[in-house]
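Close look at the chain arrangement
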Amino acid sequence: MKETQHIEPVSRRHGPALVTAGLAGMAVLLPLLYWFNDQAQLVLIFLLLACLVALVLGLLKLREPVYSFSLSKDSLHFHHRLGGWSLHWSNIVRVDQPRVNSGLELASLPYIGIKIRDYDEFLPLMAPRLIVHLLTDQRPLLAMGVRFGAIERARLHDWLVEDNQYRSAAGRHYHGLAAMLGHRMSHLRELYGYDLLVHESCLDRDAGDFVQLLRRYHAGTQSPL
């Protein structure tokens with residue numbers, strides 16, 4: 001196990017190749033527009049649009065941080081273009097893939113779940129822009145709770161706009177975006193058993209394998225998860 005390991009997310013892969021292919025394709029196709037008739041030009045325009053899509057998609061990929069996670073002997077760090085968060089291993093209770101009842105079986109969600117011991121070591125460090133992104137990005141997880149019968153639809157409406165006042169288990173008071181995130185984490189824990197859920201597109205391997213990696217780092221600082 002490396003002392004410090006950086007994780008390059010799947011979502012960022014092939015960014016440079018898409019940008020290069022998009023620019024090269026446009027450079028070749030644009031001059032051809034002057035040499036072909038109207039019917040051929042329609043085909044060229046379609047190909048140009050495809051190159052433009054590849055270029056934009058590649059640029060969006062390159063906007064993301066090079067690494068999504070950094071794992072050190074002391075902490076787990078998550079990187080995002082809008083900010084990031086950090087957790088000491090001692091503040092992590094459990095890591096696993098969230099599972100829901102699907103008929104008579106348990107279905108694994110395409111996320112890794114992290115259960116936190118103390119919110120007060122986490123909430124004050126969160127950047128407001130990242131909180132807004134998380135609150136928006138995690139709405140489908142709340143709706144999924146209705147689909148699997150873990151929450152009633154009427155209750156879901158109350159959760160979609162979180163209360164802007166929150167008091168942690170230790171009695172610390174939060175307001176504004178930090179309070180809304182505190183409520184959201186509590187609701188995710190109620191639904192899935194975890195406070196933070198990170199989509200597998202942020203990983204560089206299968207979610208199950210990544211969970212095992214986190215557990216090995218965690219085991220180096222305290223009892224296994």
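Attention here is on the structure that accompanies the text. Treat the numbers as computed from the prediction; the structure is a model and nothing was measured. (Residues numbered from 1 in each chain as written. Predicted model: local features only at pLDDT ≥ 70, side-chain atom pairs only at ≥ 80, totals over all residues. Heavy atoms only, no water.)

On to the overall build of the protein, then. Helices and strands together make up the secondary structure of the protein, namely seven helices and 11 strands. Its C-alpha atoms give the protein a radius of gyration of 22 Å, clearly above 17 Å, the size a compact globule of 225 residues would have. Along the first, second and third principal axes, the C-alpha set of the protein runs to 75 × 45 × 40 Å. Here the protein, with 225 residues, has 41% of them falling under the buried criterion. Counting only carbon and sulfur atoms, one obtains 58% of the accessible surface of the protein, whose full area is about 12500 Å². (Helix = DSSP H or I, 4+ residues; strand = E, 2+ residues; numbered from the N terminus. Rg over C-alpha atoms; globule rule 2.2 N^0.38 Å. Buried < 20%, exposed > 50% of the residue type's maximum accessible area, 1.4 Å probe, protein only. Areas by Shrake-Rupley, 256 points an atom, 1.4 Å probe, with all protein chains shown as cover.)

Right, let's talk about the pairing of strand 3 (residues 75-80) for a bit. Relative to strand 3, strand 2 (residues 69-71) runs antiparallel, the two being bridged by three bridges. Bridging from a neighbouring strand, Ser70 pairs with His77 of strand 3. Where strand 2 folds back on strand 3, the antiparallel hairpin that results is connected by three residues. When strand 3 meets strand 4 (residues 83-88), the two strands line up antiparallel, connected through six bridges. Each bridged residue has a counterpart across the sheet, and for His79 the counterpart in strand 4 is Gly84. In this antiparallel pair of consecutive strands, strand 3 and strand 4, the connection spans two residues. (Pairing = 2+ DSSP bridges.)

With that out of the way, let us pick up the pattern of salt bridges. The final tally for this structure, using the stated rule, is five salt bridges. Residue Arg205 pairs with Asp204 through a salt bridge whose shortest N-O separation is 2.8 Å. One salt-bridge network, in which partners are shared between bridges, spans Asp96, Arg99 and Arg215. (Salt bridge = Lys/Arg side-chain N within 4 Å of Asp/Glu carboxyl O.)

Strand pairs in the sheet, formed through backbone hydrogen bonds, run parallel or antiparallel to each other. Judged by pairing direction, the sheet is antiparallel, and its four strands sit side by side in the order 1-2-3-4 without closing on themselves. The open sheet has two edge strands with one neighbour each: strand 1 (5-7) and strand 4. For this sheet, the mean angle separating the axes of adjacent strands, direction not counted, is 15°. (Axes fitted to C-alpha atoms, helices over the stretch in contact; angles between N-to-C directions.)

Here we come to the environment of Cys202. Within the fold, Cys202 resides in the loop between strand 11 (196-199) and helix 7 (207-219). The spatial distance from the C-alpha of Cys202 to the C-alpha of Leu23 is 27 Å, given a sequence separation of 179 residues. Not counting residues within four places of it along the chain, the set of residues in contact with Cys202 comprises Ile7, Pro9, Ser68, Phe69 and Phe78. (Contact = heavy atoms within 4.5 Å.)

Here we take up the packing of aromatic side chains. Within the structure shown, the criterion is met by eight aromatic pairs. Ring centres of Trp85 and Phe122 lie 6.0 Å apart, and the angle between their planes is 65°; on these two criteria the pair is classed as edge-to-face. Taken together, the residues span a long stretch of sequence, with Trp85 in strand 4 and Phe122 in the loop between strand 8 (111-116) and helix 3 (128-137) at a distance of 37 residues. Across the pair, exposure class does not vary: Trp85 and Phe122 are buried alike. Residues Tyr166 and Tyr174 carry aromatic rings whose centres are separated by 6.4 Å and whose planes lie at 35° to one another, so their mutual orientation is tilted. Each member of the pair, Tyr166 together with Tyr174, is buried. Following the ring pairs from residue to residue traces out a cluster consisting of Phe69, Phe78, Trp85, Phe122 and Phe210. (Phe/Tyr/Trp six-rings, centres within 6.5 Å; stacked < 30°, edge-to-face > 60°.)

In short, shape yes, function no, at least from these values alone.
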